[in-house]
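# Observations on the three-dimensional arrangement
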Amino acid sequence: MKTLLVGEHDNKTLREATAKALSCAVSLGGEVDVVIAGRGCRAVAEQAAQLSGVAKVLLADADAYEHILAEPLAALIVSLAAPYDAILAPSTSSGRNILPRVAALLDVMQISDVSRVLAPDTFERPIYAGNVIETVRTTDKKKVITVRTTAFPRAAGGGTAPVEPIPAVANPGTSQFESEELHASARAELTSARIVISGGRALQSRENFTKYIEPIADKLGAAIGASRAAVDAGYAPNDWQVGQTGKIVAPDLYIAAGISGAIQHLAGIKDAKVIVAINKDPDAPIFHVADYGLVADLYTALPEMAAELAKSNA
Amino acid sequence: MKILLPVKRVVDANVHVRVKADGSGVDLSGVKMSINPFDEIAVEEATRLKEKGSATEIVCVSIGPAEATEVLRNAFAIGADRGQLVIAEGDLEPLAVAKILKAVIKKENPQLVILGKQAIDYDNDQTGQMLAGLLGWPQATCASNVTIEGDQVHVTREVDGGHQTVRLRLPAIITCDLRLNTPRFAALPSIMKAKKKPIERKSAGSYGVDLKPRLQVLKLAEPPNRKAGIKVKSVTELLDKLRNEAGVI
């Protein structure tokens, strides 16, 4: 058994999703190599080499890989596939973009969003917006898998794997990067934060997210999320959306403020350790899953919470 | 320019699905079925491209049971011109679906294929990317904006951390995210007209591609339910519980 894990990064830093997907890769048994493809990304390869459980890091450093486009990345991964029994990537927007293309080129049926490994060929994965857990066994000789990273612990550090530069392969050249707009944020990342506070449509505006949600996030060191309704209404950016069609989170503490609790939202938070709901509607479905429910108007409860947290921090 | 739209018939988004008692599948008897919501966004986008003059013909394809005719009619009512129904027994995996679509595309020669980023039943998020791989075409997943310019298409994609814009050389594959557009409500005259638009029927087996499932479904189960906890009376009590009972802050 030999596994290739596709590392996820921004050419500077290895994302935590890789360390979590590595735990899934290790649980398949056998050696795990990590491939880091990017431009000027040697530092990322060195970070990957320090993860415990990595046998070798393959570093493909070339202009074509700078923006992690699916066409050149898939071509590279397919060229590396021969000696591997399994190819894994975290189920992030990048992994979900690239890996099915790889699977098709290898004539393999991908197993998406694996949340548990039962045997090296048998897996659990959520379907129907997380309302059903499917157990599947693959008959493909080679496995192609995306990993639901919230379901796996972060692999430890302390590794000293060698970094081996590998050449780029021919770029299909059918796609070009034009631009990107990334939200620079000093805040914890939504999918790996220990605490998440999310706002719903009840927030009524982008300004109210700033005024009511941010002070609490600042005091708790929390990441900020939003319901789909709040994102659709333009109160919060799209990448804050928590739920089955947005980000899946599993923090120690999830605070839902003014979120009623649509099925697809609950599917994205059900692995949180503790859920707090603040909502003025006592019948809101969110209270059925909340460990602690506070029936209150968020416009009074949130400032009060911020004030109390400020007091205890002082 | 011709656009091809693969559309899937799925359990309606508002249905709370139940697993059969023996874990062999999801109980679909008497359950409302609809066009996959992400595919409906694709139909709307193709229709807008045609209204803007970027596209000349919209062909939709559904692979599924005979009842999938309904989702083709939904697509017609929004703006698709004609349809193909590929009759298949049971669920086909995305790899098999992509192989059938490739065969359809070889015959239809569209310049653009637009489909949902995932179907809301199996949540695979694979078909578009697999199809792009099989055809050797470029792909843009999770689109939130699409602009055609000559033989190229500019697509803004929703990615972790924000947006990315890419330029693809046509022919290309695009998968839609939620915020690409809001599908229109079809007006009655459009629904009436939709009944007259032509549907060509074929069987999945007639394409000569390998449809055998690669994954064996061993079991379906409902995840353990979270239980409702307690109601607290005040912010002070809430913070006290979080500190001293749950120990999370």
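## A short note on the interface of chain B and chain A
Tallying the contact residues gives 65 residues for chain B and 68 residues for chain A. Examining the composition of the side of chain B that touches chain A, we find that 8 residues originate from one element, strand β9 (residues 162–169) of chain B, more than from any other. Each residue belonging to the side of chain B that touches chain A can be placed in one class, and the counts come to 33 nonpolar, 17 polar and 15 charged. As judged from the 7 bridges shared by strand β11 (residues 175–182) of chain A and β9(B), these two strands associate in the antiparallel manner. Considered in β9(B), the bridge of Gln176(A) is made with Arg167(B).

## Things to note about the domain arrangement of chain A
Interface size is often expressed as the accessible area that is lost when the parts come together. All names here are of chain A. In terms of domains, chain A is made up of domain 1 (2–165) and domain 2 (195–313). Averaged C-alpha coordinates put domain 1 and domain 2 at centres separated by 31 Å. The interface is formed by 5 residues belonging to domain 1 together with 9 residues belonging to domain 2. Class assignment of the residues belonging to the side of domain 1 that touches domain 2 gives a composition of 1 nonpolar, 3 polar and 1 charged.

## Thoughts on the nonpolar core
By size, the foremost hydrophobic cluster in this structure holds 119 residues, and its most contacted members are Leu88(A), Leu5(B) and Ala75(B). If we skip the residues at most four places from it in the chain, Leu88(A) touches Thr3(A), Leu5(A), Val6(A), Ala21(A), Cys24(A), Ala25(A), Ile145(A) and Val147(A).

## Considerations on the sheet that holds strand β1 (residues 2–6) of chain B
Backbone-to-backbone hydrogen bonds join strands into a sheet, with any given pair of strands oriented parallel or antiparallel. One open sheet accounts for 10 strands, arranged β11(A)-β9(B)-β8(B)-β7(B)-β10(B)-β6(B)-β1(B)-β4(B)-β5(B)-β11(B); its pairing is mixed. Strands at the two margins of the open sheet, each flanked by one partner only, are β11 of chain A together with β11 (199–203) of chain B. For this sheet, the mean inter-axis angle between neighbouring strands, taken without regard to orientation, is 25°. As paired elements, β1(B) and strand β4 (residues 57–64) of chain B share 5 bridges and run parallel to each other. Within β4(B), the position partnered with Ile3(B) by the bridge is Ile58(B). Against the sheet, helix α3 (residues 94–108) of chain B touches β1, β4, β5 (82–87) and β6 (112–116) of chain B, its axis set at about 150° to β4(B).

## Concerning the confidence of the model for chain B
Overall, the prediction assigns chain B a mean pLDDT of 96, with 100% of residues at 70 or greater. Across the whole predicted complex the pTM is 0.92, and at the interface the ipTM reaches 0.95.

## Section: the sheet that holds strand β8 (residues 132–138) of chain A
Strands sit in the order β6(A)-β7(A)-β8(A)-β12(B) across an open sheet of 4 strands; the sheet is antiparallel. Every interior strand has two partners, whereas the edge strands, β6 (116–119) of chain A together with β12 (215–221) of chain B, have only one. Between one strand and the next, the sheet's axes are offset by a mean angle of 30°, whatever the strand orientation. As paired strands, β6(A) and strand β7 (residues 122–127) of chain A are joined by 3 bridges and run antiparallel to one another. What sits directly across from Ala119(A), in β7(A), is Thr122(A).

## Points about the pairing of strand β14 (residues 253–257) of chain A
Residue and element names in this part refer to chain A. With respect to burial, β14 is a largely interior element, 5 of its 5 residues being buried. With burial as the criterion, each face of β14 is covered, one bearing Leu253, Ile255 and Ala257 and the other bearing Tyr254 and Ala256. As paired strands, strand β12 (residues 195–199) and β14 are joined by 5 bridges and run parallel to one another. Bridge pairing in β14 places valine 196 opposite tyrosine 254.

## Focus on unusual backbone geometry
One can expect most non-glycine residues to show negative phi and most peptide bonds to be in trans. Note that the residue after Leu170(B), namely Pro171(B), is joined by a cis bond; omega there is 0°. Within the secondary structure, Pro171(B) is located in the loop between β9 and β10 (172–176). In this structure, Asp113(A) is a non-glycine residue whose phi angle is positive, near 60°. Turning to its location among the elements, Asp113(A) is positioned in strand β5 (residues 111–114). Owing to 25 C-beta atoms within 10 Å, Asp113(A) belongs among the buried residues under this scheme. Phi is positive for Ala129(A), which is not a glycine, with a value near 55°. One can find Ala129(A) in the loop between β7 and β8.

## Some words on helix α3 (residues 70–80) of chain A
The buried count for α3(A) comes to 8 of 11 residues, which makes it a mostly enclosed element. Among the residues of α3(A), Ala70(A), Glu71(A), Pro72(A), Leu73(A), Ala74(A), Ala75(A), Leu76(A) and Ile77(A) are the ones counted as buried.

## Quick look at the packing of helix α4 (residues 93–105) of chain A against helix α4 (residues 127–135) of chain B
Helix packing geometry: the angle between the two helix axes and the distance between the axes. Look at α4(A) against α4(B): their axes get within 7 Å of each other, and the N-to-C directions meet at 50°. As the angle between them shows, α4(A) and α4(B) are arranged oblique. The handedness of the crossing between α4(A) and α4(B) comes out as right-handed. Side by side, α4(A) and α4(B) meet where Asn97(A), Pro100(A), Arg101(A), Ala103(A), Ala104(A) and Leu105(A) of the first sit next to Gln129(B), Met130(B), Ala132(B), Gly133(B) and Leu134(B) of the second. The class makeup of the residues in the contact of α4(A) with α4(B) is 7 nonpolar, 3 polar and 1 charged.

## Regarding the environment of Ile286(A)
Residues and elements named next belong to chain A. Along the polypeptide, isoleucine 286 turns up in the loop between β15 (274–279) and β16 (292–295). A count of 26 C-beta atoms within 10 Å places isoleucine 286 in the buried class. For isoleucine 286, the contacting residues outside a window of four places in its chain are Ala256, Ile259, Ser260, Gly261, Ala277 and Asn279.

## Section: the pairing of strand β3 (residues 56–61) of chain A
Residues and elements named next belong to chain A. Bridging between strand β2 (residues 31–38) and β3 involves 6 bridges; their strand directions are parallel. Bridge assignment links valine 35 to a residue of β3, and that residue is leucine 58. Note: β3 against strand β10 (residues 163–165), 3 bridges, orientation parallel. Of the residues in β10, the one forming a bridge with leucine 58 is glutamate 164.

## Overview of the packing of α3(B) against α4(B)
Residues and elements named next belong to chain B. Packing of α3 against α4 leaves a shortest axis separation of 9 Å and a crossing angle of 50°. What the angle tells us is that α3 and α4 run oblique. The interaxial crossing formed by α3 with α4 has right-handed handedness. Between α3 and α4, the contacting residues are Pro94, Leu95, Val97, Ala98, Lys99, Leu101, Lys102 and Ile105 on the first element and Thr127, Met130, Leu131, Leu134 and Leu135 on the second.

Cut-offs used in this document
Residues numbered from 1 in each chain as written. Chains lettered and ligands numbered in written order. Predicted model: local features only at pLDDT ≥ 70, side-chain atom pairs only at ≥ 80, totals over all residues. Contact = placed C-beta atoms within 7 Å. Helix = DSSP H or I, 4+ residues; strand = E, 2+ residues; numbered from the N terminus. Nonpolar A, V, L, I, M, F, W, Y, C, P; charged D, E, K, R; others polar. Pairing = 2+ DSSP bridges. Domains from an automatic or database assignment. Core = buried A, V, L, I, M, F, W, Y, C linked by C-beta atoms within 7 Å. Buried ≥ 20, exposed ≤ 12 C-beta atoms within 10 Å, placed from the backbone. Axes fitted to C-alpha atoms, helices over the stretch in contact; angles between N-to-C directions. pLDDT = per-residue confidence, 0-100. Parallel < 35°, antiparallel > 145°, perpendicular 65-115°, else oblique. Left-handed = near helix turned anticlockwise from the far one by under 90°.

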